[in-house]
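Observations on chain architecture
This is what each chain is made of:
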Number of protein chains: 2
Amino acid sequence: MSDAAPQTTHGIIHGVGLGPGDADLMSVRAHRLLTNARHVAYFRKEGRAGRARGIVQGMLRSDVIEFAMEYPVTTEIPLSDPGYNAALSGFYTRCTAHLRDLAGQGEDVVVLCEGDPFFYGSFMHLYERLRGEVPVQVVPAITGMSAAWTATNRPITWGDDVLSVLMATLPEEDLVRHMEAADALVVMKIGRNIDKVRSALRRAGKYDAAWLVEYASMEGQTVQKLAGAEGRVTPYFSIVLVHGSGRRP
Amino acid sequence: MSDAAPQTTHGIIHGVGLGPGDADLMSVRAHRLLTNARHVAYFRKEGRAGRARGIVQGMLRSDVIEFAMEYPVTTEIPLSDPGYNAALSGFYTRCTAHLRDLAGQGEDVVVLCEGDPFFYGSFMHLYERLRGEVPVQVVPAITGMSAAWTATNRPITWGDDVLSVLMATLPEEDLVRHMEAADALVVMKIGRNIDKVRSALRRAGKYDAAWLVEYASMEGQTVQKLAGAEGRVTPYFSIVLVHGSGRRP
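1. Details of the overall build of chain A
Looking only at helices and strands, chain A features seven helices and ten strands. What you see for chain A is a C-alpha radius of gyration of 20 Å, in line with the 18 Å of a compact globule of 249 residues. Counting only C-alpha atoms, chain A reaches 60 × 45 × 30 Å along its principal axes. In chain A, which comprises 249 residues, the proportion classed as buried is 56%. Look at the contacts in chain A between residues 6 or more apart in sequence, and 69% of them connect residues 24 or more apart. Looking at chain A as shown, the accessible area adds up to about 10100 Å², and 47% of this sits on carbon and sulfur atoms. Seen as two clouds, the 26 positive and the 28 negative side-chain charges of chain A have centres 2 Å apart.

2. A closer look at the relation of the copies chain B and chain A
Turning chain B through 180° and shifting it by 0.0 Å along the axis lays it on chain A, with an RMSD of 0.0 Å. The relationship between the two copies is best expressed as a two-fold rotation axis. Of the residues that chain B buries at the interface, 100% are likewise interface residues in chain A, meaning the two copies contact each other through the same surface.

3. Describing the side chain of H178 of chain B
When you line up the elements, H178 of chain B lands in helix α6 (residues 172–181). By relative accessible area, which is 7% here, H178 of chain B ends up buried. If we skip the residues at most four places from it in the chain, H178 of chain B touches V162, A181 and A182 of chain A together with L166 and L185 of chain B.

4. A short note on helix α5 (residues 144–151) of chain B
All names here are of chain B. Within α5, seven of the eight residues are buried, leaving the element largely enclosed by the surrounding structure. Among all positions of α5, only M145, S146, A147, A148, W149, T150 and A151 are buried. The first or second residue beyond α5 is N153, which carries a positive phi of 60°.

5. Thoughts on the packing of aromatic side chains
All names here are of chain A. If you walk through the whole model with that rule in mind, you get 18 aromatic pairs over all chains. Seen in terms of ring centroids, Y71 and F91 are 5.4 Å apart; in terms of plane orientation they differ by 45°. Their pairing is tilted. You can see Y71 sitting in strand β3 (residues 65–71) and its partner F91 sitting in helix α3 (residues 82–104), a full 20 residues away along the chain. The residues Y71 and F91 share a single accessibility class, namely buried.

6. With respect to the sheet that holds β3 of chain A
Residue and element names in this part refer to chain A. Spatial strand order, β3-β2-β4-β1-β5: five strands in an open sheet with parallel pairing. The open sheet terminates on both sides in strands that have one partner only, identified here as β3 and β5 (136–139). In this sheet, neighbouring strand axes are inclined to one another by 25° on average, regardless of whether the strands run parallel or antiparallel. Where strand β2 (residues 39–45) meets β3, seven bridges bridge the pair, whose relative direction is parallel. From the neighbouring strand, R44 faces β3, where its bridge partner is E70. The sheet strands contacting α3 are β1 (13–17), β2, β3 and β4 (109–113), and the helix crosses β3 at an angle near 165°. Along the sheet, helix α4 (residues 123–130) contacts β1, β2, β3, β4 and β5; its crossing angle with β5, the most-contacted strand, is approximately 155°.

Quick notes on the rules
- Residues numbered from 1 in each chain as written.
- Chains lettered and ligands numbered in written order.
- Predicted model: local features only at pLDDT ≥ 70, side-chain atom pairs only at ≥ 80, totals over all residues.
- Heavy atoms only, no water.
- Helix = DSSP H or I, 4+ residues; strand = E, 2+ residues; numbered from the N terminus.
- Rg over C-alpha atoms; globule rule 2.2 N^0.38 Å.
- Buried < 20%, exposed > 50% of the residue type's maximum accessible area, 1.4 Å probe, protein only.
- Contact = heavy atoms within 4.5 Å.
- Areas by Shrake-Rupley, 256 points an atom, 1.4 Å probe, with all protein chains shown as cover.
- Lys, Arg positive; Asp, Glu negative; His and termini not counted.
- Charge placed at Lys NZ, Arg CZ, Asp CG, Glu CD.
- Least-squares fit on C-alpha atoms with pLDDT ≥ 70 in both.
- Phe/Tyr/Trp six-rings, centres within 6.5 Å; stacked < 30°, edge-to-face > 60°.
- Pairing = 2+ DSSP bridges.
- Axes fitted to C-alpha atoms, helices over the stretch in contact; angles between N-to-C directions.

So this is what it looks like as structure tokens:
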């Protein structure tokens, strides 16, 4: 576990991607790190068990010390609210201080991350504050979008297809422009943005080709054509996909 | 291993993503499937050991039966050559016939796939020919691009960043247009297309922000700014990255 550690008295902060949700899809390295960890940390909403923590249920050491990092704000607060960034920034700084303390005491810490830590993850906000001060190592992981396209039983990209990954939180005009330009699409952070996504896909001429995947690789996974899910309330972690159709021998 | 198998006498063809190259980064499920497999199959170039096969060296059963699927053409033959598609199509059909025979005899087969099988993978050409005839199950994996951005020690996407994945085999005009439109970029299949990629990045105003990663997560991994690698001969499996810089509290 510490083979790659610098020769210092510092512990290492491991940002460990757990993958899309099915514990069987985490990497061998992630599995080894978290089952051996004395300290684990993870984000969660106040009052919730935490999605990352849920993935590793039953896999941690009996004497593990847990550090739950509870978000002070949620997706219900508009991103445009001036208090949003300030509150989050203070929160990340406090989390970072605790992790830095642990590392300073020589303790390794495994930070449990949903998906891949460097792909739209929250860990990067800790990482940017820790790098250069504390040894940090990141373990990549299977993304939620990989689990989603696998669940559709169809390849997402072929040949020279262009794949674009879009956040449904973008303005509709931006969504349309990118949807028109790409061959294959992944749209994430759906939730309450679903009507905007539908409208943008229609304007880009790709609505009938779109799929909706909820809870990819997790309990409750659903896979259906988006057009067949009219009126459905979609969770935030849904993913909308349009498959490419490039060159194929 | 066969928990999810239909109740038939057929074996299952497993398309198993091995991830970016480091065996430690394959999923727990992939590891279990391949270490227990009686039959494994994999693509390779004639006269080569095979990259997928190399990843699992020393991990297979001693009585494993291997089926090496040797490409009749290589990347050296132009995609525009009319014989290219015909030769590849016949090859995939022959491979499929053998896999179908094994499955018909009740044998499970693990097809070893570099990267994620449904993300620009070769397995999809077998998959499209087997689906509906034989039970096929696909295991997603960590992509080479995830290993590449992890190797740069910088997150690839933040907030609402748009990520586009481009093949360097595309015409330069197409590359420029997509490079201008996206916040974060992944360019794959570099090799002899490196000069075109450099030119397109310059025209899109993103050359100085670009990174070159060779052999991500593998022996011989290199990470450097693209501008610092002028004149370097880059392997086909190199990846060029431009990181996004979206909202960050």
